[in-house]
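# Chain and residue survey
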Amino acid sequence: QVQLVESGGGLVLPGGPLRLYCVASGTIFDVNNMTWYRQVPGKERELVATITSSGSTNYAGSVKGRFTISRNNANKKTVNLQMNSLRPEDTAAYYCNANLWAGGERSYRDYWGQGTQVTVSS
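Definitions and limits used
- Residues numbered from 1 in each chain as written.
- Predicted model: local features only at pLDDT ≥ 70, side-chain atom pairs only at ≥ 80, totals over all residues.
- Heavy atoms only, no water.
- Helix = DSSP H or I, 4+ residues; strand = E, 2+ residues; numbered from the N terminus.
- Buried < 20%, exposed > 50% of the residue type's maximum accessible area, 1.4 Å probe, protein only.
- Contact = heavy atoms within 4.5 Å.
- Core = buried A, V, L, I, M, F, W, Y, C linked by side-chain atoms within 4.5 Å.

Inspection of the secondary structure puts Leu 18 in strand β3 (residues 18–25). Taking the relative accessible area as the measure of exposure, Leu 18 reaches 16% and is therefore buried. Taking the C-alpha atoms as reference, Leu 18 lies 29 Å from Arg 109; in sequence the two are 91 residues apart. Residues contacting Leu 18, with those up to four places away along its chain left out, are Gly 8, Gly 9, Gly 10, Leu 81, Gln 82, Met 83, Leu 86 and Val 118.

This is the structure we're talking about:
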């Protein structure tokens, strides 16, 4: 059974850094894109950053220049999100998403982690 586990969330002062981690485990044949989303209560989940299997990246305009997404090139099952210059409006639950082909599946599909809370506050 495939699992995505996020870690690294917490409380941080405005302007500070934080690094999020996501690891996919289980029987996995291949991983396509890995993406970080975030959601605040009462709002839709929004894409933060995505990285393809070849390493191409894309960012939401609100985080471009402050956040950096990266993944483990050896196994491509780990994705990180380095967040710098954090703002109170970055406060949200952050979710990891992976489009992958798992054992027992006929094709690629999306998997989600449980989320990790990031709070930016003084």
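Generally speaking, a soluble globular protein has its nonpolar side chains buried in company with each other. Judged by nonpolar contacts, the single largest core of 32 residues is most densely connected at Leu 4, Trp 36, Leu 81, Met 83, Tyr 94 and Leu 100. Among the secondary structure elements, those contributing two or more residues to this core are β3, β4 (28–39), β5 (46–51), β7 (67–71), β8 (78–83), β9 (92–102) and β11 (116–120). The greatest single-element share of this core, amounting to six residues, is contributed by β9. Not counting residues up to four positions away in its chain, the partners in contact with Leu 81 are Leu 18, Arg 19, Leu 20, Trp 36, Val 48, Ala 49, Phe 67, Thr 68, Ile 69 and Tyr 94.

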